[in-house]
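Below are the chains, spelled out letter by letter.
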Amino acid sequence: MSPTASSPAVAARMSRQASRDTMQELAVRRLLHRAGLRYRLHMSVPGMPRRTVDVVFGGLKIAVFFDGCFWHGCPVHATRPQANADWWRSKLDRNKARDRETTEHLLSEGWIVMRFWEHESAEDVARRIHDAVVDRRSSALPEH
């Protein structure tokens, strides 16, 4: 069970946190679409119920995740709340463990897994994704 918020301001701020379609994710998706890449959104992780991939290039087996600095433990920007500290430490550690488990599962199934922090520039992220798609497509071409 979640602890109660330490103040009404904290409760309001936490209720506004987007879990999908963040500003960075939308910006990256626009850049990818503009570059002619087509993808699926928020697909289930194969074999892992209740887990989703933010952007999927299914035929190429490329999974892209946009991780929030707070929720996923960014080494640069992560913070630890002081109110309800034990509960938050446990919650955030479980998030990171779930991320590792999901990544390992997808890798074992032959997927390329790309994870980006919310503070990374949309242009850089889109370029790296584009490069991975082009590389995977070129390696999937049959030889003559």
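Criteria and cut-off values
Residues numbered from 1 in each chain as written. Predicted model: local features only at pLDDT ≥ 70, side-chain atom pairs only at ≥ 80, totals over all residues. Heavy atoms only, no water. Helix = DSSP H or I, 4+ residues; strand = E, 2+ residues; numbered from the N terminus. Buried < 20%, exposed > 50% of the residue type's maximum accessible area, 1.4 Å probe, protein only. Contact = heavy atoms within 4.5 Å. Core = buried A, V, L, I, M, F, W, Y, C linked by side-chain atoms within 4.5 Å. Phe/Tyr/Trp six-rings, centres within 6.5 Å; stacked < 30°, edge-to-face > 60°. Lys NZ or Arg CZ within 6 Å of the ring centre and 35° of its normal. Salt bridge = Lys/Arg side-chain N within 4 Å of Asp/Glu carboxyl O. Pairing = 2+ DSSP bridges. Axes fitted to C-alpha atoms, helices over the stretch in contact; angles between N-to-C directions.

Peer 1: I'm lost on the overall build of the protein chain in this one. Help?
Peer 2: Helix and strand counts for the protein chain come out as five helices and four strands. When the helices and strands of the protein chain are read in sequence order from the N terminus, they spell out α-α-β-β-β-α-α-β-α. Counting only residues that meet the buried cut, the protein chain has 31% of its 144 residues in that class. By sequence separation, contacts in the protein chain at least 24 residues apart represent 58% of the contacts at least 6 residues apart.

Peer 1: Explain the nonpolar core here, please?
Peer 2: In a soluble, globular protein the nonpolar side chains are often hidden away together inside. The biggest cluster of nonpolar side chains holds 17 residues, and the ones touching the most others in it are Val28, Phe57, Ile62, Val64 and Ile129. Where this core is concerned, the elements lending two or more residues are α2 (23-34), β2 (48-57), β3 (62-67), β4 (112-117) and α5 (122-140). Counting residues per element, this core draws most heavily on α5, which supplies six residues. For Ile62, the residues in contact, after removing those within four places along its chain, are Val55, Val56, Phe57, Trp111, Ile112, Met114, Ala132, Val133 and Arg136. In this structure, Val45, Met48, Phe65 and Trp111 belong to the second largest nonpolar core, which totals nine residues.

Peer 1: How should I be thinking about the packing of aromatic side chains in this particular structure?
Peer 2: Aromatic ring pairs are defined here through the distance separating the ring centres and the angle between the ring planes. Under the criterion given, the structure shown has six aromatic pairs. Each ring, one from Phe70 and one from Trp71, has its centre 4.9 Å from the other, and the planes form 80°; the classification is edge-to-face. Classification of Trp71 by relative accessible area gives partly exposed; the value is 25%. Counting every residue linked through ring pairs, the aromatic cluster contains Phe70, Trp71, Trp87 and Trp88. In this arrangement the basic side chain of Arg115 is found over the ring face of Phe65, its NZ or CZ atom lying 4.0 Å from the centre.

Peer 1: Would you explain the pattern of salt bridges in this entry?
Peer 2: Between side chains of opposite charge, a pair can form when the charged atoms approach closely. This model, assessed by the stated rule, comprises ten salt bridges. With a shortest N-O distance of 3.9 Å, Arg115 and Asp99 are connected by a salt bridge. Of this pair, Arg115 sits in strand β4 while Asp99 sits in helix α4 (residues 85-108); the two residues are 16 residues apart in sequence, bridging distant segments of the chain.

Peer 1: Help me understand unusual backbone geometry, please; the structure alone is not making it clear to me.
Peer 2: Backbone phi values are negative for most residues with the exception of glycine, while trans is the configuration of most peptide bonds. Despite not being glycine, Arg50 has its phi angle at roughly 70°, a positive value. Taking the relative accessible area as the measure of exposure, Arg50 reaches 87% and is therefore exposed. A positive phi angle, near 55°, is found at Lys61, a position not held by glycine. In this structure, Lys61 sits in the loop between β2 and β3. Given a relative accessible area of 32%, Lys61 falls into the partly exposed group.

Peer 1: Where do I start with the sheet that holds β4 in this structure?
Peer 2: Sheet strands associate in pairs through backbone hydrogen bonding, adopting either a parallel or an antiparallel arrangement. Strand order in the open sheet formed by four strands is β1-β2-β3-β4, with mixed pairing between adjacent strands. Two strands in the sheet have a free side with no partner beyond their single neighbour: β1 (40-45) and β4. The mean inter-strand angle of the sheet, taken between neighbouring strand axes irrespective of direction, is 45°. Most of the contacts of α4 go to β2, to which it runs at about 70°, and overall it touches β1, β2, β3 and β4. Contacts from α5 reach β2, β3 and β4 within the one sheet, and its direction differs from that of β4 by about 175°.

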